[in-house]
Amino acid sequence: MPLTRRSLTQFMAAGIGGGLLTAGPGVRAGHDLGDRHPDRNGAGFRGPRMYRGWILYVVDTPPSGADDTEADQQRWLRQYRDGVLVVSTDGHIADVGNYHEVAPRYPDIPCRDYRGMLIMPGFIDSHVHYVQTQIIASYGRTLLEWLNEFAFPVEEQFSAPQAAAAVADIFLRYLFQNGTTTSVTFAATYPVSASALFEAASAYDMRIITGKTWMDRNAPPQLLDTPESAYRDSRELIRRWHGKGRNLYAITPRFAITSTFEQLRLAGILHAEYPSTYIHTHLSETRAELALVRELFPGFRDYLAVYEAAGLVTERSVLAHGVYLSGSELSRVSAARSTIAHCPTSNLFLASGLYDLQRANRRGVQTSIGTDVGGGTSFSLLRTLDETYKSQHLQGYPVNAFEMLYLCTLGAARHLHLAGKVGSLDIGHEADFVVIDYLAQGIQRTRMEYLRSTGGWTTESMLFGLEITGDDRNVAATYVMGRPVYASRLHRGSHVLPPSRASGVLPEGLVDT
Ligand SMILES: Nc1nc2[nH]cnc2c(=O)[nH]1
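Residue indices follow the written sequence of each chain, beginning from 1 at its first position. At least 70 in pLDDT is required for a residue's local features to be given in this predicted model, at least 80 for side-chain atom pairs to be given and counted, and no such filter applies to totals for whole chains, interfaces and linings, which use all residues. Each side-chain value is derived from all of the structure's non-hydrogen atoms; neither hydrogens nor water enter the calculation.

### Comments concerning the nonpolar core
Take the buried residues of types Ala, Val, Leu, Ile, Met, Phe, Trp, Tyr and Cys, join any two whose side-chain atoms come within 4.5 Å, and each joined set is a nonpolar core. Only protein chains enter the calculation, and the probe is 1.4 Å; a residue is then buried if its accessible area is under 20% of its type maximum, exposed if over 50%, and partly exposed in between. Formed by 114 residues in total, the largest nonpolar core has its most connected members in Tyr130, Leu172, Tyr307 and Ile436. No other element matches helix H5 (residues 161–177), which puts nine residues into this core. The split of the chain into domains comes from an automatic or database domain assignment. Counting contributing residues, this core receives three or more from each of domain 1 (19–122 + 423–491) and domain 2 (131–415). Note on contacts: a residue pair is in contact if any heavy atoms of the two residues lie within 4.5 Å. Aside from chain neighbours lying at most four places away, what touches Tyr130 is Phe158, Ala164, Val167, Ala168, Phe171, Thr185, Phe186, Ala187, Ser193, Ala196 and Leu197. Grouped together as the second largest cluster of nonpolar side chains are 19 residues, Tyr57, Ile93, Leu425 and Tyr479 included. Per the convention used, a helix needs a DSSP run of H or I reaching at least four residues, while a strand needs a run of E reaching at least two, with both numbered from the N terminus.

### Concerning the pairing of strand S18 (residues 475–480)
With respect to burial, S18 is a largely interior element, six of its six residues being buried. Both strand S17 (residues 433–436) and S18 contribute to a ladder of four bridges, which runs antiparallel. Looking at the pairing, Ile436 lines up with Val475 of S18. Strand pairing is assigned whenever DSSP detects at least two bridges linking the two strands. As defined by bridge partners, S18 adjoins strand S19 (residues 483–487) across four bridges and the pair is classed as antiparallel. Opposite Tyr479, over in S19, you have Pro484 as the bridge partner.

### Description of the site of the ligand
Residue proximity to a molecule or strand is established when one non-hydrogen atom of the residue lies within 4 Å of it. In the neighbourhood of the ligand, the contacting residues comprise His129, Gln132, Leu143, Trp146, Leu147, Arg254, Phe255, His282, Glu285, His321, Ser346 and Asp372. Contact distances for the ligand include 2.7 Å between an oxygen atom and a side-chain N or O atom of Arg254. Pairing of N or O atoms within 3.5 Å defines a polar contact, subject to two protein rules: one partner must be a possible hydrogen donor and the other a possible acceptor, and residues neighboring in sequence count only if both atoms are side-chain atoms. Between Glu285 and the ligand, the recorded distance is 2.7 Å, taken from a side-chain N or O atom to a nitrogen atom. Only the protein chains shown count as cover for residues, with accessible areas throughout obtained via the Shrake-Rupley method and a probe of 1.4 Å. For the ligand, the protein covers 100% of the area, taking 270 Å² as the surface of the free molecule. Ranked by residues supplied to the shell around the ligand, first place goes to helix H4 (residues 143–155) with three residues. Just so you know the grouping, Ala, Val, Leu, Ile, Met, Phe, Trp, Tyr, Cys and Pro go in nonpolar, Asp, Glu, Lys and Arg go in charged, and all remaining residues, Gly too, go in polar. Class assignment of the residues belonging to the shell around the ligand gives a composition of four nonpolar, five polar and three charged.

### Observations concerning a nonpolar patch on the surface
Patch members must show over 30% relative accessible area and no salt bridge, and they are joined within 9 Å when carrying like charges or within 5 Å when they are nonpolar side chains of Val, Leu, Ile, Met, Phe, Trp or Tyr. A pair is scored as a salt bridge if a Lys or Arg side-chain nitrogen falls within 4 Å of a carboxyl oxygen belonging to Asp or Glu. A surface patch of nonpolar side chains, about 270 Å² in accessible area, is lined by Leu348, Leu354 and Leu394. Taking the relative accessible area as the measure of exposure, Leu354 reaches 31% and is therefore partly exposed.

### Notes on unusual backbone geometry
For the bond from Val373 to Gly374, the omega torsion is 5°, close enough to zero to count as cis. With respect to the secondary-structure elements, Gly374 resides in the loop between strand S16 (366–369) and helix H14 (381–393). The backbone phi angle of Ala137 is positive, close to 60°, even though this residue is not glycine. By the element assignment, Ala137 lies in the loop between strand S8 (123–129) and H4. The exposure class of Ala137 is exposed, given its relative accessible area of 55%.

### Considering the packing of aromatic side chains
In summary, the pairing rule links any two rings of Phe, Tyr or Trp, Trp by its six-membered ring, whose centres are within 6.5 Å, and it sorts them by plane angle into stacked for under 30 degrees, edge-to-face for over 60 and tilted for everything else. The tally for this structure, following the rule as stated, stands at 19 aromatic pairs. Centre to centre, the rings of Tyr174 and Phe379 are 5.7 Å apart; their planes meet at 10°, and the pair counts as stacked. Of this pair, Tyr174 sits in helix H5 while Phe379 sits in the loop between S16 and H14, and the two are 205 residues apart along the sequence. Each member of the pair Tyr174 and Phe379 is classed as buried. Seen from their ring centres, Phe176 and Tyr204 are 5.0 Å apart, and the 75° between their planes marks the pair as edge-to-face. Placement of Phe176 in helix H5 and of Tyr204 in helix H6 (residues 191–204) is noted, with a sequence separation of 28 residues between them. Here Phe176 matches Tyr204 in class, with each residue buried. Each residue in the set Tyr130, Phe158, Phe171, Tyr174 and Phe379 is aromatic and connected to the rest through ring pairs, giving one cluster. Comment: the charge-over-ring label is applied if NZ (Lys) or CZ (Arg) is within 6 Å of the ring centre and within 35 degrees of the ring normal. Above the ring of Tyr99, the side-chain terminus of Arg52 is found at 3.5 Å from the ring centroid. Over the aromatic face of Tyr278 sits the side chain of Arg316, whose NZ or CZ is 4.5 Å from the ring centroid.

Everything listed is a geometric property; what it means functionally is a separate question.
Here it is in structure tokens:
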């Protein structure tokens, strides 16, 4: 079934449920609340803000069992049922706590009322391919066929700066629509494809981790680079983007099948030269891939050993999938403090296999969650947690609601060395947060009414219901560095500007929220 390529014009016209609200770099001036001042566009005021709602976030690793009492939960959970989040002008969290204790301290700061909704840290997607946005749900193939038939052809389009910029912008809007505020994403082999995403993310002051993909074999010739060109181009991109604003660079060899050892070795050398970059690659996703890696690298004891020999297994490595890792490989991933990005919607869609989270936990392996679009089937981390639960439950590990939240907020932030910045709503963090209407769907209200009547309505049951039934319909608003970047049509107030035009042009003016 050949992929029909939609023109970008058609693509951009495709609707998104809510709307982009505002973009542009925030003002950085320390962590004080700051003075009110006109926005750079001159429309509306930027100043400190308060947000009232049910504030919920994890502050430490939740235990695996599901039977902690609410008192035990104090160790690793923060929640303020009638809470308030105070955000400074420079987009950091200045205060957080119970509304009636905290709000009186800030009598002059306007408050947005989100009572009846949750306020949680923005989600962190630890593995996704922005360049595969258009090929989501491409039918009936397993990984290697799917790459040849769908992924490689669409990625060829990203040599054109305009095409890359258009998809980068719409990709970010899908992330915001789904409450995602940090993303570790593949680009294509073309350097311009990485620059386009850095540029688009910079316009929102969003934290993005990406890099050009390295591939010097086993892919269409148009997509190939060489060890030297990949090294040179990546080094140039690192110098241009890494650490600029909130942008971070990931050295991104696709996987062992599409790189010679010489290329992998150069990727490792580049990482050693720029140790604050990340390594982002795929590892041990399908049996067919494993067999091919064995053929291509006959001298190595296993798949991981290829990356180890190239210097690619470090505490800054994000290794996507890890479905078929041996005990020895898991122990070595754990010792290196690398992270496995678990991508259940993709693993099920491509029939790759089931990642064993409990086994990984027992070996001390750090796991985060990735949507892996376009192999994955949704940009929603909530949808992805639903599939996480099912994939793990099938293997005897019905992962609990708080562990799932941890995996795509604080846990991911820790694994990415971003703790203290994102993944939490404690004071001093960057104000990336999502407002969740946990009763947006009728079935969620029906469920709550039943649980309330039977005494089963707790934070945990609310959260679990959200993770299993939730999706972008539950995302009321998304904020990046304290600025609103998305508000759903359902939840938008009259003070909010109309959505941007579908052309992808950024809206003028600001939302006074
Ligand atoms: N899911 C997935 N696995 C890969 N392995 C190598 N490339 C890819 C890709 O694009 N998607």
